[in-house]
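Breakdown of the fold
One-letter residues, chain by chain:
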Amino acid sequence: LKESRLAEQRAAVEKRKLMQEIGHELKTPLASIKAVAEYGQASTGDDSFDVILDKANAIDSLVNDFYHITLEEEGRLDIYLTRHSSGDLAKLIAACDYNGRCKITACEECFLLYDKLRMSQVIDNIIANSYKYADTDMAVDMNLKDGRLRVCIRDSGEGVLLEQLSFVMDRFYRGSKTQEKLGQGLGLHICRKLIMRMGGELRCFNDDGFVVE
């Protein structure tokens, strides 16, 4: 049993090292590709550079997802809760909305605890998913009830098929409408893990579009 536990620990360490090495080896050339694409797009206005930049960002996101899921599995995904206002959260959501298509309805001022970096990752992933799969404007409603802040991010797309809805936050699950899009089915799974680690809850449902609450 002792040898088995030691072997398991060594395997976990090697797995983490491998993910770190892969991430480092991919991120260095990706940074160069993104820099050249940004310069090319700014200097020529050629839409081809936008495609290159989008794909480079997608690969970067995949690398981050795999790295975070590895840390979470090993219990090494650090969470540092700090005090923020509901207004701070509304500003964070607006900052993650890189296409400016979110209409945010903020609630009365209140204070809450979350890790700013991890919350940014969650919101960014949810909004990016909406752009990728629905490509509509979004409504963000913030409501305070019974001492808890409820945040709903809703798009106006077709939503998720009812028989697939209960699986959308499962690890590696990808619905039938996502097969042509780049991804590994880790985004919402990681989001749920992060929100739970911060003491909250995350759920998804259909209501005149796809809603993440």
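Structural notes on the overall build of the protein chain
If you tally the helices and strands in the protein chain, you get five helices and seven strands. Every one of the 213 residues in the protein chain was classed for burial, and the buried ones make up 38%. Restricting to contacts in the protein chain with at least 6 residues of sequence separation, those with at least 24 account for 66%. Accessible surface computed for the protein chain: about 13,000 Å², of which carbon and sulfur atoms make up 53%.

Remarks on the side chain of Glu213
Checked against the element boundaries, Glu213 lands in the segment after strand 7 (210–212). Within the structure, Glu213 has its side chain in polar contact with the side chain of Arg150 (distance 2.5 Å). A polar contact of 2.6 Å, which involves the side chain of Glu213, links it to the side chain of Arg203. When residues no more than four places from it in sequence are discounted, the contact partners of Glu213 are Arg150, Val151, Cys152, Glu201, Leu202, Arg203 and Phe205.

Things to note about the side chain of Thr136
Secondary-structure assignment places Thr136 in the loop between helix 4 (116–133) and strand 4 (138–145). Looking at Thr136, its side chain comes within polar contact range of the main-chain nitrogen of Ser156, at 2.9 Å.

With respect to helix 3 (residues 86–96)
Among the residues of helix 3, Ser86, Leu89, Ala90, Leu92, Ile93 and Cys96 are the ones counted as buried. The arc that holds the buried residues of helix 3, viewed along the axis, is 160°, so those residues lie on one side. In helix 3, the exposed positions angled more than 90 degrees off the buried face are occupied by Lys91 and Ala95. Residues of helix 3 that are buried in the fold lie against strand 1 (82–85), strand 2 (102–105), strand 3 (111–114), helix 4, strand 4 and strand 5 (148–155).

Structural notes on the nonpolar core
Residues Leu89, Met119, Ile123, Ile126, Ile127, Leu202 and Cys204 are the most contacted members of the largest nonpolar core, which totals 35 residues. Those elements giving two or more residues to this core turn out to be helix 3, strand 3, helix 4, strand 4, strand 5, helix 5 (187–197) and strand 7. Here this core takes six residues from helix 4, the largest share from any one element.

Topic: the confidence of the model for the protein chain
This prediction gives the protein chain a mean pLDDT of 81; 78% of its residues lie at or above 70. Across the protein chain, the secondary-structure element scoring lowest on mean pLDDT is helix 2 (residues 47–73), at 70, and the one scoring highest is strand 1, at 96.

Considering the environment of Lys116
Examined against the element boundaries, Lys116 turns out to sit in helix 4. As for Lys116 and Ile79, which are separated by 37 residues in sequence, their C-alpha atoms are 9.4 Å apart. Among all residues touching Lys116, those that are not within four sequence positions of it are His84 and Leu92.

Description of the packing of helix 3 against helix 4
Helix-helix packing: each pair is described by the crossing angle between the helix axes and the interaxial distance. Two elements in contact, helix 3 and helix 4, have axes separated by 9 Å at closest approach and are oriented at 50°. What the angle tells us is that helix 3 and helix 4 run oblique. As for how helix 3 packs across helix 4, the hand of that crossing is right-handed. Of the residues in helix 4, those in contact with Leu89, Leu92, Ile93 and Cys96 of helix 3 are Lys116, Met119, Ser120, Ile123, Asp124 and Ile127.

Conventions we followed
Residues numbered from 1 in each chain as written. Predicted model: local features only at pLDDT ≥ 70, side-chain atom pairs only at ≥ 80, totals over all residues. Heavy atoms only, no water. Helix = DSSP H or I, 4+ residues; strand = E, 2+ residues; numbered from the N terminus. Buried < 20%, exposed > 50% of the residue type's maximum accessible area, 1.4 Å probe, protein only. Contact = heavy atoms within 4.5 Å. Areas by Shrake-Rupley, 256 points an atom, 1.4 Å probe, with all protein chains shown as cover. Polar contact = N/O pair within 3.5 Å; in protein donor to acceptor, adjacent residues only side chain to side chain. Arc of directions from axis to C-beta. Core = buried A, V, L, I, M, F, W, Y, C linked by side-chain atoms within 4.5 Å. pLDDT = per-residue confidence, 0-100. Axes fitted to C-alpha atoms, helices over the stretch in contact; angles between N-to-C directions. Parallel < 35°, antiparallel > 145°, perpendicular 65-115°, else oblique. Left-handed = near helix turned anticlockwise from the far one by under 90°.

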